[in-house]
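Chain by chain, the residues:
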Amino acid sequence: MREKHAGSTQTLLSRIMNPKYVMVYATVIIFLIIYIYGAIRYGSIGFTTLRTFVNFFTDNAYYGISAVGMTMVLITGGIDLSVASVQSLTGMLIAYGYTKLGISPVYTMLLSILIGVGLGILMGSAIHYLNVPPFITTLTGNFLARGVCSLISRESISIDHPLINELAGFKITLYHLVDGQWEKIKPITSISLPVLIFILMIILGTILMQHTRFGRNVYAVGGNEQSAKLMGLPVARTKIAVYAINGFCSALAGIAYVLVVKSGWNMALQGGELEVISCAVIGGTLLTGGVGYMIGTMFGVLLKSVIPALITFNGHLNSWWGKIATGALLLLFIVIQKAVVSYTDKKKA
Amino acid sequence: MKKKRTFLIPLLLGLVLIAAGVFFFARVCRLKDTVYKNYKVSLSDASISEVFHGNLDEAGVREAFNAAVAKNEKNTPAAGDADLLSEMSAGQDSAGAEPEGAQELQDAGQAARGEETEALTDASVTEDGAGKAAASGKDAYETVFPDGLKDVNSIRTANRMIPILFGAGALLCLVAALLVIRAKKLDFASIMRSKITWAAIAEILILIVCLIVRPDFFNISYQPSTGMLYGSLIDIINRSSEITIIAMGMTLVLALGGTDLSVGALVAVSGAFALKLLRWDVTIYNTPGDYSVYPFVLVIIAPLLTCILMGCFNGFLVGQLQLQPIIATLILMVSGRGVAQILTNGKQFTTLYTPFRWIGQGSALFLPTPIIITVIVVAAVMIFVRKTAFGTFVESVGINRSASRLSGINAKKVIMIVFALTGFLSGIAGLIYSSRIMSCDSNNAGLNYETDAILAAVIGGTNMAGGKFSLAGTIIGSIIIRTIVTFVYYFGISAEATMAFKALIIAVVIVLQSEPVRNWMSKRAKARGAARGGVL
């Protein structure tokens, strides 16, 4: 009711052009520019097919799932460096549990989600009650998860369990209407389970952040923790819950990763936490807190996948040029983002 | 206003005494080594002190010494012998390539065992020691002490002086510390509230645990062939030097309220560039050897300049464009390793160039070179930061950028200098790292150095939100991290699993250092101080 009231005082255009969405628009526009460039350059060799587009989701689905939680953490003004290790630990638990100990993956999946949430609550409490910087707390969490992972096993363990195989093989093949008949889209395009989870998490995250009291608390805490406290908002509960949700997302992302690689390795996804953070930041989330949208994060993930795709389509660039190109595009992106923001700020003033 | 520097006198005197103690210690160690080399046996500590502490005349000493040697030769392989061997080879090994945890220890053990059997066969074939000495008409005593009683007496004095010198030196340093406390009017409560105190306490606790678990943890031995002291403590400081050097810059970056994630990548770039200049083209100079394609000065300076430039790039992004430091430095973190790989064409070069080896594996003043380089770098940075206004500028920019701009500080310049300095220091660390392995490794050089450096600074009491920083604390933090790693290696646990222990110990340290705990401790200390009715 209240929102309808607020809407009536603003025109639709001014609501859309609200400066707080500018970052998200910048992300979308840059994604479109790169995509159109790729379409013009490599359209003839299949860059524009739906399959390539779905692959943008598939490539980084596990990073995307984790980025949903990370966006929330960043909005509170925190950071979580433990996500990649928790994903790796999840994979290791499932792999070691089934292959070496014969425990059904169902139990190890539940256990790893519990561990993710538990570690999140622990780190959130340390950050809130002990006032330890989030960077250091979660770095310790990162070391802990990675170390435990290495203590379990130092070698890659493959998983061959019917449930995992079935889940990994789960696909929704897309059809389209041709002359009144449903036919498979060519080249055959299908959506795998990790992509479904990713999209579901983005939707859930958007609802949670935009349409619930909890979401508003998260924005308030990130905007100014002191004011939020003085306003009587449950700061402690919100912060700890955010880290717990992030732990849940990491464990879920770990499960998605297991579905992709069907194995557990102690050094898997090393440095992945920064990939996840950069996804969120490219999506317009500010590390200082208070600003960020799930939809932006989704486009951040897509941008992360479109760059390697371009390099693959080019076919002449060495893999290590990929690193430099990623860095350069990151730079380009941030600078453009900065320019857009300072322009709108000036205009507002 | 002239500051009182009364504490400097006892401090310097104490350091001189400790240095003298180290010198005498090295002398005694050298004697032990000579005996070992000539007779393939080492005198255990007991027999040395038996000979030197007894108040004997020359004939008596000669008799006792020869008897000790003979006794040691009889029960070869002596226990002490194997100990010395394993210690030495462990030292040598760790001075070589980057340790691989359990692997390294196993290697060390095998090497020691190998040398031991070698020594045994040697002894059985040539009858060694006594036989050789008898052939030249000299007994053990004359071979070891060519100057007779004069040598014996100097060793005797050295033996007696060591504990006195060390003790007196430590005492004087303590006095200096007390004087500092008095001069700065620090009371017990504020000392307990200081993060450095807690970092130091944590380090001491870890060392005590090390001592309990492995009593030989503190052993230090001297090897004349390399002119270096070996031992776990020296190894810890030696190995922590890269992180210490980088953490000096990182501390300043953190004090600005930023973070530099690119240091690890810069380490890789610096090493790759240096190796590129040493080898230049693998197809022409296809075997690694003791040569350098470019002058050695260029090999050192060019990588450092590159790193300074890359640091300036970071500084430009953070200072001029006002980007968030984590993201700004993430760019170089991602692309820096790519640059390193392009420099070396994705290959791993190795070299055998002697001057380059000296940077990471050489020795100066009985100590490994990296320690000396670290001391020089730390001193230079400390003087630059604390003896000029620069440190204050950094703190003020870190606390409030716009306020410091209004008070006339050029924040952009300060940020630029700090990031350039961090780049330069990463470059030095990169040279040390690549000199240790005498090769470049674009993928693994400096891996996770950024997190280690940040941890070192934070354990040492630097505020991540900007503002207060402590370079001395950073050094302690860096040493704590390395102590944990060394300690865990002793158990033969894999390098990756070390992280779990690191995490546990760091968790304890940060909980001890956290604000509520420190406040509680200082409140208790204050209450106790008030009850006693005095300061300290």
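Residues numbered from 1 in each chain as written. Chains lettered and ligands numbered in written order. Predicted model: local features only at pLDDT ≥ 70, side-chain atom pairs only at ≥ 80, totals over all residues.

## Remarks on the overall build of chain B
Let me state the cut-off plainly: Counting from the N terminus, the helices are DSSP H or I runs at least four residues long and the strands are E runs at least two residues long. Exposure in this text rests on C-beta crowding, where 20 or more other C-beta atoms within 10 Å of a residue's own make it buried, 12 or fewer make it exposed, and counts in between make it partly exposed. The C-beta atoms are placed from the backbone. Contact between two residues is assigned when their C-beta atoms, built from the backbone, lie within 7 Å.
Assigned secondary structure in chain B consists of 24 helices and four strands. Within chain B, the proportion of its 536 residues that are buried is 45%. Taking all contacts inside chain B whose residues are at least 6 apart in sequence as the whole, residues at least 24 apart take part in 79%.

## Structural notes on the overall build of chain A
Short version of the rule: As defined in this context, the radius of gyration uses C-alpha atoms, and a globule is described by 2.2 Å times the residue total to the power 0.38.
Across its full length, chain A carries 16 helices and six strands. Relative to the compact-globule value of 20 Å for 349 residues, chain A shows a C-alpha radius of gyration of 21 Å, a close match. Reported as C-alpha extents along the three principal axes, the dimensions of chain A are approximately 60 × 60 × 45 Å. Out of the 349 residues belonging to chain A, those deemed buried represent 46%.

## Some points on the packing of helix H14 (residues 272-282) of chain A against helix H15 (residues 294-314) of chain A
Residues and elements named next belong to chain A. The cut-off we apply is this: Here, axes are lines fitted to C-alpha atoms. For helices the fit covers the stretch in contact, and angles between N-to-C directions go from 0 to 180 degrees. Each angle receives one of four descriptions, namely roughly parallel if under 35 degrees, roughly antiparallel if over 145, roughly perpendicular if within 65 to 115, and oblique otherwise. Each crossing gets its handedness from the near helix: less than a right angle anticlockwise from the far helix is left-handed, clockwise is right-handed.
Packing of H14 against H15 brings their axes to within 7 Å, and their N-to-C directions diverge by 120°. By the angle between their directions, the pair H14 and H15 is classed as oblique. When you trace H14 past H15, the crossing you get is right-handed. Listed contacts from H15 to Glu275, Cys279, Ala280 and Ile282 of H14 are Thr297, Gly300, Val301, Leu303 and Lys304.

## Things to note about unusual backbone geometry
Residues and elements named next belong to chain A. At Leu269, a residue that is not glycine, the phi angle is positive and equals roughly 55°. Structurally, Leu269 is set in the loop between strand S6 (263-264) and H14. On the basis of neighbour count, Leu269 is assigned to the buried category, with 24 C-beta atoms found within 10 Å.

## Structural notes on helix H20 (residues 411-437) of chain B
All names here are of chain B. As a reminder of what qualifies: Helices are assigned an expected span. That span is 1.5 Å times one less than the residue count.
With 27 residues, H20 should cover 39 Å at 1.5 Å per step; its first-to-last C-alpha distance of 39 Å lies within 8% of that length. In terms of burial, H20 is largely enclosed, as 23 of its 27 residues are buried. Backbone geometry just downstream of H20 places Met438 in the positive-phi region, at approximately 50°.

## Topic: the confidence of the model for chain A
Reading fine detail from the predicted coordinates is not recommended where pLDDT is low. Counted only if it meets this: Each residue carries a pLDDT score, the predictor's confidence in it, ranging from 0 to 100.
In the predicted model, chain A carries a mean pLDDT of 84, and 91% of its residues have values of at least 70. This model gives residues 1-7 of chain A a pLDDT under 50, and the stretch forms one contact once residues within four places in sequence are excluded.

## So, the nonpolar core
The condition is simple: Under the definition applied here, buried Ala, Val, Leu, Ile, Met, Phe, Trp, Tyr and Cys residues are grouped into a nonpolar core through C-beta atoms within 7 Å. Domain delimitation in this document rests on an assignment produced automatically or drawn from a domain database.
If you look at the biggest cluster of nonpolar residues, it comprises 218 residues, and the most contacted ones within it are Ile65 and Ala256 of chain A together with Ile246, Val269, Val418, Ile428 and Ala453 of chain B. Each of domain 1 (8-158) and domain 2 (220-521) of chain B contributes no fewer than three residues to this core. Non-local contacts of Ile428 of chain B, meaning those with residues more than four positions away in its chain, are made with Ile245, Leu304, Ile373 and Val377 of chain B.

## Overview of the interface of chain B and chain A
Our working definition: Ten residue types, Ala, Val, Leu, Ile, Met, Phe, Trp, Tyr, Cys and Pro, are classed as nonpolar, four, Asp, Glu, Lys and Arg, as charged, and the remainder, Gly among them, as polar.
Each side of the interface is counted separately: chain B has 36 residues, and chain A has 34 residues. Elements with a minimum of two residues in the side of chain B that touches chain A: helix H15 (325-343), helix H21 (449-459), helix H23 (498-513) and helix H24 (515-532) of chain B. Sort the elements by how many residues they give to the side of chain B that touches chain A and H15 of chain B lands first, with 12 residues. Considered class by class, the residues forming the side of chain B that touches chain A number 23 nonpolar, nine polar and four charged.

## Quick notes on the environment of Ala64 of chain B
All names here are of chain B. Take Ala64: it is sitting in helix H3 (residues 58-74). The exposure class of Ala64 is partly exposed, given the 17 C-beta atoms found within 10 Å. Here the alpha-carbon distance between Ala64 and Arg357, two residues 293 residues apart in the chain, equals 43 Å.

## Thoughts on the packing of helix H5 (residues 61-75) of chain A against H14 of chain A
Residue and element names in this part refer to chain A. Orientation of H5 relative to H14, taken along the N-to-C sense of each, is 65°, at an axis distance of 8 Å. Compared by their axis directions, H5 and H14 come out roughly perpendicular. Read as a crossing pair, H5 and H14 show a hand that is right-handed. Facing Tyr63, Gly64, Ser66, Ala67, Met70, Thr71 and Leu74 of H5, the residues of H14 in contact are Gly272, Glu275, Val276, Ile277, Cys279 and Ala280.

## Some details on the pairing of strand S3 (residues 175-178) of chain A
All names here are of chain A. The line we're drawing: Strands were regarded as paired on the criterion that DSSP finds at least two bridges between them.
Pairing of S3 with strand S4 (residues 181-184), which is carried by four bridges, proceeds in the antiparallel orientation. When the bridges of S4 are listed, His176 appears paired with Glu183. Hairpin remark: S3 followed by S4, antiparallel, with two residues in the connecting loop; positive phi at Asp179, about 50°.

## Observations regarding the environment of Thr285 of chain A
All names here are of chain A. Its place among the elements puts Thr285 in the loop between H14 and H15. The buried category is assigned to Thr285, around which 30 C-beta atoms lie within 10 Å. Linking Thr285 and Thr58, residues 227 residues apart in sequence, is a C-alpha distance of 22 Å. Sequence-distant contacts of Thr285, that is, excluding residues within four places in its chain, are made with Thr71, Leu74, Ile75, Ala280, Val291, Gly292, Gly296 and Thr297.

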